[in-house]
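Read off the chains here:
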Amino acid sequence: FVPPKESDSSDGAILAKDKLGHVIPASQILSEPVGTRALIAGLAGEPTYLTVKANGTLDDRGIVNNCTHLGCTFPWNGRDEQFQCPCHGSRYSPDGSVVRGPADRPLKLVRVRVEDNRIWIAPWTDIDPRTGAKPWWV
Ligand code: FES
């Protein structure tokens with residue numbers, strides 16, 4: 001028996017973990033209500049939001065919780081349907097696009113996939129679907 005490895009996927013993916021370093025089963029997040037933004041520890045430990053979609057799956061875009069202005073972390077405001085940075089007031093739409101500055105770049109994306117109740121987080125290196133251009137972080 002070879003236990004599943006956690007970090008040698010060919011696309012650089014790692015397993016989503018909680019802040020204590022425990023792997024989070026997909027079922028744990030998918031038991032949350034539709035629209036939940038669940039924070040996990042993603043690539044390089046970066047806190048990353050995963051979204052529970054209306055069809056009961058996880059969005060394949062994870063949003064890194066690191067404001068593109070000066071790097072603060074920020075909460076999701078479900079009433080306004082925005083990520084709202086408390087440091088200088090930047091606001092982002094649900095897909096991480098800038099709604100209001102001073103931030104001038106969209107939030108970094110990561111790729112999310114679920115296999116066998118495990119959540120894999122991989123670098124996003126393709127075109128940024130929000131801008132149609134090469135991602136600023138690549
Ligand atoms: Fe978020 Fe300045 S760090 S608005």
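You'll find the structure just up there.
Here's a quick rundown of the structure. Small disclaimer: the values here were computed from a predicted structure and weren't measured.

Thoughts on the state of the cysteines
Then comes step 1: What the rule picks out here adds up to 1 disulfide.
Then comes step 2: The residue that forms a disulfide with C72 is C87, at a sulfur-sulfur distance of 1.9 Å. Taking the sign of the S-S torsion, about -95° here, the bridge from C72 to C87 comes out left-handed. Placement of C72 in the loop between β4 (61-64) and β5 (76-77) and of C87 in the loop between β6 (82-84) and β7 (91-92) is noted, with a sequence separation of 15 residues between them.

A closer look at the sheet that holds β4
Then comes step 1: The strand order across the open sheet formed by 6 strands is β1-β10-β9-β4-β3-β2, and the pairing between neighbours is antiparallel. Two strands close off the open sheet at either side, each with one partner strand: β1 (14-15) and β2 (37-41).
Then comes step 2: Note: strand β3 (residues 47-51) against β4, 2 bridges, orientation antiparallel. By the bridge assignment for β4, T48 is matched with V64.

Notes on the sheet that holds β5
Then comes step 1: Strand order in the open sheet formed by 4 strands is β5-β6-β7-β8, and the pairing between neighbours is antiparallel. What marks the edges here is a single partner per strand, and that holds for β5 and β8 (98-100).
Then comes step 2: Pairing between β5 and β6: 2 bridges, direction antiparallel. Following the sheet pairing, W76 is matched in β6 by F83.

Here's the deal with the pairing of strand β10 (residues 118-123)
Then comes step 1: Two strands pair when backbone bridges link them, and β1 and β10 are joined in this way by 2 bridges, in the antiparallel orientation. Across the sheet, residue L15 finds its bridge partner in β10, namely W120.
Then comes step 2: The sheet contact formed by strand β9 (residues 109-115) and β10 spans 6 bridges and is antiparallel. If you follow R113 over to β10, its bridge partner there is W120.

Cut-offs applied
Residues numbered from 1 in each chain as written. Predicted model: local features only at pLDDT ≥ 70, side-chain atom pairs only at ≥ 80, totals over all residues. Heavy atoms only, no water. Disulfide = S-S within 2.5 Å. Helix = DSSP H or I, 4+ residues; strand = E, 2+ residues; numbered from the N terminus. Pairing = 2+ DSSP bridges.

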